[in-house]
Amino acid sequence: MSTYPLVKFAFEVDWGGTKVGFQEVSGLNVEAALIEYRHGASPDFSKIKMPGMKSFSNITLKRGTFKTDNEYFDWFQSIQLSTIERRSITISLLDETGAPAVTWKVKNAFPLKLQSTDLKAEGNEVAIETLEIAHEGLTIENN
């Protein structure tokens, strides 16, 4: 076992076969709904509780804006009515050697929202673009 916990600033995103650098990834959440049930002949005056269906948060990806790099925009533009190019995305938290230590595998992801950078004449920051994606499943693996 390692002496120190993993740092959160060393990560990589595999975007359908291409490794893409991101500044921030958020929304790696999984939640199980709560089901409560009580039948009329129960001697207890309370409900039993059991886990229900899982739900997944949307994932937000932020990265710097690069000249001639339109991948966010091209993927978002591929939305046509109910058809969209869905992608598998792998997000890996890296250890001290650069090897994946924790991996989040995202199934059937597609873009929901594309946000371009804000523009500010007196700003001194990097231009950041944001993509929010929905998906149909998230698994977590500790390597």
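Everything that follows concerns the structure shown earlier in this document.
**Q** I keep staring at the pattern of salt bridges and nothing clicks. Help me out?
**A** A pair can form between side chains of opposite charge whenever their charged atoms are brought close. Here the structure, examined in full by the defined rule, presents eight salt bridges. Lys49 is paired through a salt bridge with Glu36; the nearest N and O atoms lie 3.8 Å apart. Taken as a pair, Lys49 in strand S5 (residues 48-56) and Glu36 in strand S4 (residues 30-37) lie far apart in primary sequence, 13 residues in all. A salt bridge links Asp69 to Arg63, with the shortest nitrogen-to-oxygen separation between them at 3.3 Å. Note on Arg63: relative accessible area 4%, which makes it buried. Residues joined in a network through salt bridges with shared partners are Glu36, Lys47 and Lys49.

**Q** Sorry, what's going on with the environment of Glu136 here?
**A** In this fold, Glu136 is placed in the loop between strand S9 (128-134) and strand S10 (138-142). Distance from Glu136 to Glu122, taken between C-alpha atoms, is 41 Å for residues 14 residues apart in sequence. Glu136 has contacts with Phe56, Arg86, Lys107 and Asn108, leaving out every residue within four places of it along the chain. At 2.8 Å, the side chain of Glu136 forms a polar contact with the side chain of Asn108.

**Q** It is not clear to me how the environment of Ala33 should be interpreted in this structure. Could you clarify?
**A** Relative to the elements of secondary structure, Ala33 occurs in strand S4. For the pair Ala33 and Met53, spaced 20 residues apart in sequence, the C-alpha separation works out to 5.5 Å. For Ala33, the contacting residues outside a window of four places in its chain are Met50, Pro51, Gly52 and Met53.

About the cut-offs
- Residues numbered from 1 in each chain as written.
- Predicted model: local features only at pLDDT ≥ 70, side-chain atom pairs only at ≥ 80, totals over all residues.
- Heavy atoms only, no water.
- Salt bridge = Lys/Arg side-chain N within 4 Å of Asp/Glu carboxyl O.
- Helix = DSSP H or I, 4+ residues; strand = E, 2+ residues; numbered from the N terminus.
- Buried < 20%, exposed > 50% of the residue type's maximum accessible area, 1.4 Å probe, protein only.
- Contact = heavy atoms within 4.5 Å.
- Polar contact = N/O pair within 3.5 Å; in protein donor to acceptor, adjacent residues only side chain to side chain.

Spatial relationships are all this shows, so hold off on functional conclusions.
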